[in-house]
Each structure stands twice: as C-alpha cells, then as structure tokens.
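Spelled out from the first residue to the last, the chains are:
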Amino acid sequence: MFLSKLLLKEYGSFYNKQVELKDGVNLIYSDSRVKSRTFKDFIVSMLFGSTGSRDISIGEDTYSKRKPSGGDYKGSAYVKTEDAAYLVERDFLGGGRKTSVLNINSGRQEEYKGMPPLSGELLDVERSTYLTSFVMDDSCKSDTNGLPDEAVENATRKFLKNTVETGSADINFEASIEYLRQQRKANSAQPMVRRLSELTRQLDEYENVDKDIDGIEDRIKKLDEDFAIEAAKRKRVSRKMIQNEDGTVKYEADEELNKKIDILAETGQDMMKKPENTEKKLSESLPVIFGAGLLVILLISGIVFILPFGSVVRKLFIIFTTIFVIFTIIDGLRINGFFDSGEITPSEEDFKQVLKEIESEKEEKEATMFDMTFAKEYADSKEALRREESSLLEKRNERNKLQAEFGAIFKKKSELEAENSAVTAAMNQLIKQREIIMNENLPKVLKHISDYISQVSEGRFDSIILDRNYNISVGKGGVLKDMNELSVMDRRLVYLAVRMGVSAAFSEADAPLIIESLLDGFDVDTLMAVLETLEGMKISQKVIITRDPRLGNILASLGTSFNFVEI
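Residues numbered from 1 in each chain as written. Predicted model: local features only at pLDDT ≥ 70, side-chain atom pairs only at ≥ 80, totals over all residues. Heavy atoms only, no water.

**Remarks on the pattern of salt bridges**
Where side chains of opposite charge bring their charged atoms close, a pairing between them can arise.
Inference 1: The final tally for this structure, using the stated rule, is 31 salt bridges.
Inference 2: Between Arg37 and Asp137 there is a salt bridge, with the nearest N and O atoms lying 3.1 Å from each other. Of this pair, Arg37 sits in helix 1 (residues 33-48) while Asp137 sits in strand 8 (residues 135-137); the two residues are 100 residues apart in sequence, bridging distant segments of the chain. Summarising the burial analysis for this pair, Arg37 and Asp137 share the class buried.
Inference 3: One salt bridge connects Glu174 with Lys161, and the closest N-O pair in it is separated by 3.2 Å. On the criterion of sequence distance, the pair formed by Glu174 in helix 5 (residues 173-186) and Lys161 in helix 4 (residues 152-166) is long-range, its members being 13 residues apart.
Inference 4: Under the relative-accessibility criterion, Glu174 is labelled partly exposed at 46%.
Inference 5: A single salt-bridge network, built from bridges that share partners, covers Arg37, Lys40, Asp41, Arg66, Asp137, Arg499 and Glu516. (Salt bridge = Lys/Arg side-chain N within 4 Å of Asp/Glu carboxyl O. Helix = DSSP H or I, 4+ residues; strand = E, 2+ residues; numbered from the N terminus. Buried < 20%, exposed > 50% of the residue type's maximum accessible area, 1.4 Å probe, protein only.)

Structural data, given as structure tokens:
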C-alpha cells in the first residue's frame, strides 16, 4: 500500500494543505523543523490514529502537540493498494473522535468511533513495529532542536538495545522489569503478616472467654434454682401468732407474706434476663390492621360493583364482607393478647421493693418466724455475677472485632500474595521471552547494520560490533574503534546505518517509509552513498522529509525519479 494524497485540513500549523504523493521516492522540503515534524506526525496519525498517547520517536504527547489553537482538528488521506483505493478521514478532536474509511471502488464506507488503526487489508503492521521500523528520525527532544551530538552514541545504544531485546524501540526491558519489581515491593504482604501475628497473640488472650461466659450463666442458673428452693421452703414455715378468744395462742399461715415470697421467687427467676425485642411488627400495628381491613372491604366492594350482581346481592356481599373483616380483626387482636389484662413480668426494681417491704414488716411482726436475709444475699450474688458476665461479654465483643480484622487482613494478604505471584511469573516470562527475541533478532540486526554501515560509509567501515552492554564499535579489516572515538559525522552515520539496518530487518509489511531530518548536514559524497542505499531498499514508497535543499539535485544527479513537494 502507499499514500497517494494527504489533506491536512486542520492539523498543527497546517490549514487545508494538500500534498500529492506517489509510489516511489517523495522528497518533502521545508525550511521549518516544526512543519517537518508535524508532517511526519500527520502521516502516522492518519495510519494509526492519535489518542493522546506519547509518540515513541518524539517522546512527546503528539495529540496535544499537534492540536490547533482553535476550530477543528482533522485530516484525510487517500490510500492505494493492489486491489482498491480508499479515502480515510479522521476527526482527532477529543470528545468527538471518529474515523471513516471509504472504499472508492465499491462505494462501501465504514464508520468507527475513536482512533482505530487501519485494517489489516490496508496496513498489516502494528503501531510500535511501524514506528521502530518504518519511521526513521533523529529522536529529537523538541521541535526546534535535533538530537544533540553528544547524545548520538547513547541514543544509538538505547535504540539497538530496546529493538533487539523487545522488538520495539519504545520498550525498555530493564525499565519494565524494574517497574514490576517496584510494584511487587510496594504490594509486599509483610506488614500484613506482622499484623496477623500480633492479632493472633491478642486473640489467644480471649481463648477461654466463651467458656467463662457459659460458666457464669451456669452459676446464675444454679443460683436461681437454689433461691427458688429456699423460697419455697421458707414459704412452708412462714406463720404468724394468733391469740384466741379463750386466751390460747395458735399459728396460722401468713397469706400476705406468702404472696410476697411468691413475687420474690418469680422475680428471682425473671430479673436480669436479656431483654426481648419488644418492637412490634408492622402487622401488629393497629393503624395497619384497620387500614388493611378497610382495603379488603373496598376491594371486595369494587369487585362486586364490577360483576353483574343485583343491588341486594351487592349490599349483602358488602355487609357480610364487613362483618367477616371485623371479626377477623377482633380475633387477631385477641390472639395477639390485645384484650389480655397482661401479667407484667416483675422487674428487678419490683424484687427490691418487695424485699424492702418484707424487711420493714419484720420489725412490726415480731411473731413472724421468717428470716429473709437469704433473698438479699441472693440479689447481691446475682448482681455480682451479672457484672462479671457483662465484663466477659465486652471481652467477647473485642474478640469478635479482632477476628473480623484478622479475616479482612488475611483476605487482603492472600490477594496481594496472589498478585505478587502473578507479577513474579510475568517477570520470569519476560526474561524468558527476551532471550527468545534476542536470539532471533540479534544476528539479523547485526548482519543488516553491518551491510549498511559499509554502504553508507563507502567502505570506510565494514562491520558493527556490540558488547554485552550494547556499547557499539565499528570495524575495518578486523580493527575496531569505539563509537565515542568517532567524529560527529561518523557517529551520525552509524546511527543512520543502525536505523536503516533495523528497518530492513523488521519492515516486512507493505507500508510507507518515513525519513525525517535524518539526512540533513552530511557532505555531498556521503549523501549520494546514503541515497543510493535507500533506493536499493525493498520498501516501495519512501517519504524523505528534509530541510537540506541539496537533496533534490543529488537525487537528480543519481538519475532517481522522485516526487518533490514543498510544504
């Protein structure tokens, strides 16, 4: 495939700029570096879209960098393949990003939301591979300055290292591994392990709390039973002295005292129990009961009036329904104890009051042979047990809170351990994959870049050698020279050979090759060697973007047919 026409409608500083291209060499001239870089970015954006991701070769946010100051943000491109021609239109503006692809031959048009890359039938290559293999620039830091001379060696080493180890110039293997390592460190479960250990120690202190609570409840139950037995015994022997008319004395059961003993016995069994939930259900509320009854009457009345019954029948239906509902309500209230006088369970206050009354009466009724001190002792003992029980219940609540925290932390620890295990597996897989990629890429890349350094240097160098740290040396007849020992132009030449070699090694797809500002500044002889080498590359469409006006004359002197456009 190749690009036949570009329409930079509103993109960067361009407005309604039309550029005709051909399948072959296209020389794009501009005296502005900003325009050169913008034009290159436009081609990439038309092929793969622009969604604000950072462009690999530039290291900048292409979307924001090329967004016009106002108005729209869009462009079009005509793409030709062996079978058809297409019109690709993209609207880059955030919030309304869209893409359309029109098959000019068939008239079929596809609409897409967002910025998808062109389909495989048009462009069979991924964005990262395209930017590594088909886009050759000088990795500039800004739109006004190219790669500094002192940074050429480092940029070449970085480009080669990333490409050989990962297959993409923008993926740094070591940085990726370090990022995963830091993620694993940040998600360490060790603090949670320490907290779980502390919680385990604290929970051990509450190990017997449930057993202690059961023991207290058993003691309270035994105390209640003992009190009931003692109260019954005292009731049998309770009596009062009565003087008869003839002057004799007899003893009779003191009914009033017995009654109070009954109250004490009953209260002793019921007081201090856990309060039951006295909240009424919605169905026990009087307004709800009567409202439901009224609703039933109205519903039956409505049904009766809808059905074809006579007037008398309707009235009878309503009357009997009303009577039935009333009796149902009354019966329900009766079942729920609404009409019961209700036996109120004596409270602890009742117990104390009755005990007080008995003690005061004991002074008045000296004839009463009944010692009630056991009831007071019972009350004191039970109150002490309840206080002890309350303390144990608080401990149990604390224990339950610690158990809940333990469970939550244990779950989070398990999740982190699973995540870290996955990260470790990913790291191991990356390391393994790097070895596979290196073994496949390194020989291929070294062969191509050695071929190209020989061609572009006109035989001054015949090989490029890498050490384990990707430090670059160039050789001639077996004599090696480190890249940092070369002149500035020779270092740039090595960088160019590396970019061309990687392009030849990986650019198997049919796509435009873009060379932006990479040929500027070389002498004429070197340029002629470079252009002859480029012409021999298998890629059919080459877009050379330059600020060097000599390139057109050199191409013409070489007899190379090219399309010239000034932007």
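From this point, things continue past the structure.
**Quick look at the pairing of strand 13 (residues 479-482)**
Inference 1: Where strand 12 (residues 472-476) and strand 13 come together, four bridges link them in antiparallel fashion. Bridge pairing in strand 13 places Val474 opposite Lys481.
Inference 2: Two successive antiparallel strands, strand 12 and strand 13, enclose a turn made up of two residues, where Gly477 displays a positive phi of approximately 60°. (Pairing = 2+ DSSP bridges.)

**Structural notes on the packing of helix 12 (residues 373-456) against helix 14 (residues 524-535)**
Inference 1: Interaxial distance between helix 12 and helix 14 falls to 8 Å at its minimum, and their mutual angle equals 140°. On the basis of their axis angle, the class for helix 12 and helix 14 is oblique. For the pair helix 12 and helix 14, the contacting residues are Tyr452, Gln455 and Val456 in the first and Thr526, Ala529, Val530 and Thr533 in the second.
Inference 2: A breakdown of the residues in the contact of helix 12 with helix 14 according to their chemical character gives four nonpolar, three polar and no charged. (Axes fitted to C-alpha atoms, helices over the stretch in contact; angles between N-to-C directions. Parallel < 35°, antiparallel > 145°, perpendicular 65-115°, else oblique. Contact = heavy atoms within 4.5 Å. Nonpolar A, V, L, I, M, F, W, Y, C, P; charged D, E, K, R; others polar.)

**Observations concerning the sheet that holds strand 11 (residues 463-466)**
Inference 1: In spatial order, the strands read 11-12-13; together these three strands make up an open sheet with antiparallel pairing. In the strand order of this sheet, the two ends are held by strand 11 and strand 13, each with one partner. Across the sheet, the mean angle separating the axes of adjacent strands is 35° when strand polarity is ignored.
Inference 2: As paired elements, strand 11 and strand 12 share four bridges and run antiparallel to each other. Bridge pairing links Leu466 to Ile472 in strand 12.

**Re the nonpolar core**
Inference 1: Leu6, Phe39, Tyr130 and Leu519 are the most contacted members of the largest nonpolar core, which has 91 residues in total.
Inference 2: Ranked by the residues each element gives to this core, the list is headed by helix 13 (residues 488-506), at 10 residues.
Inference 3: Within the second largest apolar cluster, 21 residues are counted, among which are Phe227, Ala231, Tyr378 and Leu402. (Core = buried A, V, L, I, M, F, W, Y, C linked by side-chain atoms within 4.5 Å.)

**Considerations on the packing of aromatic side chains**
Inference 1: This model, assessed by the stated rule, comprises nine aromatic pairs.
Inference 2: Pairing Tyr11 with Tyr73 gives two aromatic rings, centres 5.7 Å apart and planes at 40°, and the pair type is tilted. Taken together, the positions of Tyr11 in strand 1 (residues 2-11) and Tyr73 in the loop between helix 2 (62-66) and strand 4 (74-80) put the pair 62 residues apart, joining distant regions of the chain.
Inference 3: Tyr11 gets classed as buried once you look at its relative accessible area, which sits at 0%.
Inference 4: You can call Tyr73 buried: its relative accessible area is 0%.
Inference 5: Consider the rings of Tyr11 and Phe92, whose centres lie 5.7 Å apart with planes at 65°: the pair is edge-to-face. Of this pair, Tyr11 sits in strand 1 while Phe92 sits in the loop between strand 5 (85-91) and strand 6 (98-103), placing them 81 residues apart in sequence.
Inference 6: For Phe92, a relative accessible area of 0% translates into the label buried.
Inference 7: Among the aromatic residues, those joined into a ring-pair cluster are Tyr11, Phe42, Tyr63, Tyr73 and Phe92.
Inference 8: The residue whose ring lies beneath Lys5 is Tyr78, and the NZ or CZ to ring-centre distance is 5.1 Å.
Inference 9: Above the ring of Phe522, the side-chain terminus of Arg492 is found at 4.8 Å from the ring centroid. (Phe/Tyr/Trp six-rings, centres within 6.5 Å; stacked < 30°, edge-to-face > 60°. Lys NZ or Arg CZ within 6 Å of the ring centre and 35° of its normal.)

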